[in-house]
Amino acid sequence: MGRGRDVGMGMGMGMGMGMGMGRDAGMGRGTGAGMGIGTTAAPGGADPRGGGGGRYLDFPRAGRRGWRRWVPSWRLLSGSVLISLGALLGLFALIYANTDIPAEHDVARRQATVYYWADGTRMVSVGDVNRQEVRLAQIPLSVQRAVVSAENTDFYTDPGVSFKGIARAGLNMIKGEEIQGGSTITQQYVKNAYLSQDQTLSRKAKEFFLSLKISQQRSKPEILEGYLNTSWFGRDSYGIQAAAQAYYGISAKDLNPSQAALLTAILKGADTLDPSLGPSQHERAERRWRYILDREVETGAMSAAERAGYTEFPEPKQPVKPNSQAGQIGYLVDIANKYLKNRSGITDQDLADGGLRVFTTFEKDKVFALADSVDRIRRQNLAPETRESDRNVQVGAASVRSQDGAVVAVYGGEDAVTHFSNNADTSSVPAGSAFKPFVFAAALEYGGLGFVPADLSGVPSSPGLDESLVASRDDAFIAAGENVGLDKVKDMAVATGLREDSMAQLDPAFPVGTSTPSAVRLASAYTAFSGDGTGHEPYSVTRVERDGAVLGGFEPPRARRAMDPAVALEVGEALQRLGSSTLGPTRDQWFGAPVWAGRTGADDGMKSAWFIGATKELSTSVTMFRTEPEGAELLDMAGVGGADSEQGTVFPPRIWSDYQLSVAPDSFTSVPVAPVAPPADTFPADSARTAGDPAAGSQSLGTTS
């Protein structure tokens, strides 16, 4: 072979490829220059274009001038690509060969999530695992077909992974979005059974290789069975058997195709698709349910004729909370969980998986005091057994620390086990006149201190905003909304802490309280008036731990400026007058601090009654309303508690006063153990006192006939 053979073989060694077949020095020279890889040049082997034959890497390229020296040859590019592909294939094979299938998670051993009171004592432990495995033969074909049609049409033929899903995950990562993609059923099973729910690249990589390996070692029916037994369906249910019991009270084998489609829909996320959680979730669930049934027809899993028979939504039963969450505990857990999810990446499934220690702001004595006050006023004034108008009455309340927005107590209903919706966090009860202080503040903020609204003809409102607020009149507030703009009113309300999604349509009625903020949000928002115009985001969790590590993101929210201090002062003066007129002379007798109050009146026209009272220590809101037994529609409040209850508006102030006297914050002067109500003739003529003094506590409250 001679010298050419030596050069050719040298070049082949340099490339790490089978290039040593050149038979002469010229072959070796050409490859060395063109491919950018060679050996020491042999005599007579100089590059005819100017050298470079003695270089292992011909880059920048010899014999080229200017920018062309920096353009790699096609041989160099193709060689680099081949080497890279070879390296990747080798790495892939190495990782695959060294991937071992671990033992499945033992769900029954997962730790519960523990919630703590503000003083650090244990409140409740949540997370008893509800899982019952069943064989695939016990799961109806309608369930299997619905899942495959909706989740992974190519399940029975795919290699266990979705390359499109992987590409989508990579694209989302580049865009800074959540790292997720269209995972196959095999990938979802691997995630459920062997890995965590973390949306990270490292977990995705493990999921990829485990899915490939499991797909090679297990049959598709085995994988589908595992997936249906490990998937989380909400309502603390793992697996299709537990889900069938939780949603329909039947075994999985008895599910019909319509019910199967809904449970398949819920696999996408129970927190947004469980129809019992609210109107928006119900709407999404129905939409997803219809899509899955239609999808089954498209994939041939169901005939069009059979699909035509499923037009009525398969309404599941209401969820049942465990007895450990009876009373107010379930409502407290509900509020804490919502805050956890809003402040972090924690999901409902993370909460169900357990292992968290959640330290809350809830103060045990105040929670029980608030519940006692509600129960006492209801018992003394309502007679649902004999009075139709007293039936289906609901109460919601929340108490927030004025200095920083910490939620210290809520009343969500009579019992979280029997009344599922949380009345303290409701999103369907209009605020009525309790919303007017935000209109007042917007008018002063954008129209100037002392602003007097005028009607369309320019006639100033009489009385003005302050007198209209105390007297619960509407005209001045409707005019103020027109003068400064309803969008400005909305901005002010949101700046104080009300949620934007609770704001009503911006129409002429908007200023008189058609919006539906929760009791928690209203209690927090009123602290801007009792302070210097600074608002606080309500918070309910101070610390979260997982496996001994403290999770970030749970520092108390920072205060924010909601309005000018002078605006807060002017509105606050009117609110104090409203508090005095509502609570009566006993306010000064029993409370050594002012009360900034908002309320609804008998002429509000809303189907709700509100009272919010803020002090320098606590801001507490109370609402009362009636609902249909089987629906969310509000009923009229006329006659609640008797003919003289002024549409039930006399009761929220009484609940507030009873609670406030029970907890007696430090800023209140000595409160008599058994306060004595002043003579009845000292009450203002326009005050509704025939039912007893709302500030007198349980000792002096009478019933209303």
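Residues numbered from 1 in each chain as written. Predicted model: local features only at pLDDT ≥ 70, side-chain atom pairs only at ≥ 80, totals over all residues. Heavy atoms only, no water.

Some words on the overall build of the protein chain
The test is simple: Strands here are runs of E lasting at least two residues and helices are runs of H or I lasting at least four, both read from the DSSP assignment and numbered beginning at the N terminus. Exposure categories follow from relative accessible area, calculated using a 1.4 Å probe and restricted to protein chains: below 20% of the type maximum is buried, above 50% is exposed, and the middle band is partly exposed.
Within the protein chain one finds 26 helices and 15 strands. For the protein chain, buried positions account for 53% of its 705 residues.

Structural notes on the packing of aromatic side chains
For clarity, the threshold we go by: Aromatic rings from Phe, Tyr and Trp, taking only the six-membered ring of Trp, are treated as a pair when their centres fall within 6.5 Å; an angle between ring planes under 30 degrees marks them as stacked, one over 60 as edge-to-face, and anything in between as tilted. Any Lys NZ or Arg CZ that is within 6 Å of a ring centre and within 35 degrees of that ring's normal is treated as a charge sitting over the ring.
Across all of its chains, the model carries 10 aromatic pairs by this definition. On the basis of an interplanar angle of 90° and a centroid distance of 5.5 Å, the ring pair of Trp-289 and Phe-313 is categorised as edge-to-face. Of the two residues, Trp-289 sits in helix α12 (residues 279–298) while Phe-313 sits in the loop between α13 (304–307) and α14 (329–343), which places them 24 residues apart along the sequence. By the burial criterion, Trp-289 is buried, and Phe-313 matches it. Summarising the aromatic geometry, the rings of Tyr-526 and Phe-529 are spaced 5.7 Å apart at their centres and angled 85° between planes, so their arrangement reads as edge-to-face. Judged by relative accessible area, which is 0%, Tyr-526 ranks as buried. Each residue in the set Phe-435, Phe-438, Phe-510, Tyr-526 and Phe-529 is aromatic and connected to the rest through ring pairs, giving one cluster. Directly above the ring of Phe-155 sits Lys-220, whose terminal nitrogen or CZ lies 4.8 Å from the centroid.

Digging into the environment of Glu-414
Convention followed: Any two residues whose heavy atoms approach within 4.5 Å at even a single point are treated as in contact.
By secondary structure assignment, the location of Glu-414 is in the loop between β7 (407–411) and α17 (436–447). C-alpha separation for the pair Glu-414 and Gly-396, spaced 18 residues apart in sequence, amounts to 9.5 Å. Ignoring sequence-local partners within four residues, the contact set of Glu-414 consists of Gln-328, Tyr-331 and Arg-378.

Some remarks on the packing of α17 against helix α23 (residues 565–583)
Convention followed: Orientation is described by axes fitted as lines to C-alpha atoms, over the contacting stretch for helices, and by angles from 0 to 180 degrees between their N-to-C directions. By convention the crossing between two helices is left-handed if the near helix lies anticlockwise of the far one by an angle smaller than a right angle, and right-handed if it lies clockwise.
Viewed as axis vectors pointing N to C, α17 and α23 meet at an angle of 145°, and their least axial separation amounts to 9 Å. Two packed elements cross with a definite hand, and for α17 against α23 that hand is right-handed. On α23, the residues touching Pro-437, Phe-440, Ala-441, Leu-444 and Glu-445 of α17 are Val-567, Glu-570, Val-571, Ala-574 and Leu-575.

Digging into helix α16 (residues 364–381)
Spelled out, the test is: A helix's residues, less one, multiplied by 1.5 Å, set its expected span.
The end-to-end C-alpha separation of α16 is 26 Å, in line with the 26 Å expected for 18 residues at 1.5 Å each. When we look at burial in α16, the residues that qualify are Lys-366, Val-367, Ala-369, Leu-370, Ala-371, Ser-373, Val-374, Arg-376, Ile-377, Arg-378, Gln-380 and Asn-381.

A few points about the nonpolar core
For clarity, the threshold we go by: Definition of nonpolar core: a set of buried residues of the types Ala, Val, Leu, Ile, Met, Phe, Trp, Tyr and Cys, connected through side-chain atoms within 4.5 Å.
Tyr-115, Met-123, Phe-362, Phe-435, Phe-438, Tyr-526 and Met-563 are the most contacted members of the largest nonpolar core, which has 101 residues in total. Excluding anything up to four places from it in sequence, Tyr-526 contacts Ala-434, Pro-437, Phe-438, Leu-575, Trp-596, Ala-597, Gly-598, Ile-612, Ala-614 and Ser-619. Membership of the second largest hydrophobic core comes to 48 residues, among which are Tyr-194, Leu-255, Met-302 and Tyr-310.

Structural notes on unusual backbone geometry
The step from Ser-462 to Pro-463 runs through a cis peptide bond, and the omega angle for that step is 5°. In this structure, Asp-236 takes a positive phi of about 60° despite not being glycine. As for its position among the elements, Asp-236 is in the loop between α8 (220–230) and β4 (237–238). Even without being glycine, Gln-647 reaches a positive phi, approximately 60°. Relative to the assigned elements, Gln-647 resides in the loop between β15 (634–635) and α25 (651–663).

Some thoughts on helix α9 (residues 240–248)
Across the 9 residues that make up α9, a large majority, 8, are buried. For α9, every residue scored as buried is listed here: Ile-240, Gln-241, Ala-242, Ala-243, Ala-244, Ala-246, Tyr-247 and Tyr-248. Trailing α9 by a residue or two, Gly-249 shows a phi angle of about 70°, which is positive.

Digging into the sheet that holds strand β1 (residues 113–116)
The cut-off we apply is this: Following DSSP output, two strands are said to pair if at least two bridges run between them.
On the basis of which strands lie adjacent, the open sheet formed by 5 strands has the order β2-β1-β5-β9-β10 and mixed pairing. With partners counted over all chains shown, the strands left at the sheet margins are β2 (122–126) and β10 (549–550), one partner each. Against the sheet, α14 contacts β1, β2, β5 (356–360) and β9 (541–546), and its axis sits at roughly 75° relative to β2.

Brief notes about the pattern of salt bridges
Short version of the rule: Whenever a carboxyl oxygen of Asp or Glu lies within 4 Å of a side-chain nitrogen of Lys or Arg, that contact is scored as a salt bridge.
All told, the structure shown has 28 salt bridges when counted by the stated rule. Between Asp-348 and Lys-341 there is a salt bridge; the shortest N-O distance is 2.7 Å. Here Asp-348 falls in the buried class, since its relative accessible area comes to 17%. Classification of Lys-341 as partly exposed rests on a relative accessible area of 25%. We note a salt bridge from Lys-436 to Asp-474, for which the minimum N-O separation is 2.6 Å. Taken as a pair, Lys-436 in helix α17 and Asp-474 in the loop between α18 (465–471) and α19 (475–484) lie far apart in primary sequence, 38 residues in all. Three or more residues are tied together by salt bridges with common partners; here these are Glu-363, Lys-366, Arg-401 and Asp-404.

Focus: the pairing of strand β6 (residues 393–401)
For β6, a buried count of 8 out of 9 residues is recorded, marking the element as mostly surrounded by other parts of the structure. Bridging between β6 and strand β14 (residues 618–627) involves 9 bridges; their strand directions are antiparallel. Its bridge partner lying in β14, Arg-401 is registered against Leu-618. Across 4 bridges, β6 lies against β7 in antiparallel orientation. Within the sheet, the bridge partner assigned to Ser-399 lies in β7 and is Ala-409. Connecting the antiparallel pair β6 and β7 is a turn made up of 5 residues, with Gly-405 showing a positive phi of about 85°.

A short note on the confidence of the model for the protein chain
Note the cut-off: The score called pLDDT rates the predictor's confidence residue by residue, from a low of 0 to a high of 100.
In this model, the protein chain carries an average pLDDT of 80, and 76% of its residues clear a pLDDT of 70 or more. Across residues 1–53, confidence stays below pLDDT 50; counting only partners more than four residues off in sequence or on other chains, it has 70 contacts. With pLDDT under 50 throughout, residues 177–181 is counted as low confidence; its partners more than four residues away or in other chains account for 17 contacts.

Section: the pairing of β1
Taking every second residue as pointing to the same face, both faces of β1 are buried, with Thr-113 and Tyr-115 on one and Val-114 and Tyr-116 on the other. Linkage of β1 to β2, two consecutive antiparallel strands, is achieved through a turn of 5 residues, within which Gly-120 is found at a positive phi near 90°. Across 3 bridges, the pairing between β1 and β5 is parallel. Looking at the pairing, Val-114 lines up with Arg-357 of β5.

With respect to the environment of Asp-365
Structurally, the position occupied by Asp-365 is in helix α16. Judged by relative accessible area, which is 51%, Asp-365 ranks as exposed. Residues Asp-365 and Ser-662, spaced 297 residues apart in sequence, show a C-alpha to C-alpha distance of 9.5 Å.

Considerations on the packing of helix α4 (residues 141–151) against helix α10 (residues 257–266)
For the record, the criterion: Oblique is the label for any angle not covered by the other classes, which are roughly parallel (under 35 degrees), roughly antiparallel (over 145) and roughly perpendicular (65 to 115). Classification used: nonpolar for Ala, Val, Leu, Ile, Met, Phe, Trp, Tyr, Cys and Pro, charged for Asp, Glu, Lys and Arg, polar for all others including Gly.
Two numbers describe how α4 lies on α10: the axes approach to 9 Å, and their chain directions differ by 40°. Classified by the angle between their axes, α4 and α10 sit oblique to one another. Between α4 and α10 lies a crossing of right-handed hand. Facing Ser-142, Val-143, Ala-146, Val-147, Ala-150 and Glu-151 of α4, the residues of α10 in contact are Pro-257, Ala-260 and Thr-264. Of the residues that constitute the contact of α4 with α10, the class distribution is 6 nonpolar, 2 polar and 1 charged.

Focus: the environment of Asp-154
By secondary structure assignment, the location of Asp-154 is in the loop between α4 and α5 (163–174). We classify Asp-154 as partly exposed; its relative accessible area is 49%. Taking the C-alpha atoms as reference points, Asp-154 and Ile-185, 31 residues apart in sequence, are found 9.6 Å from one another.

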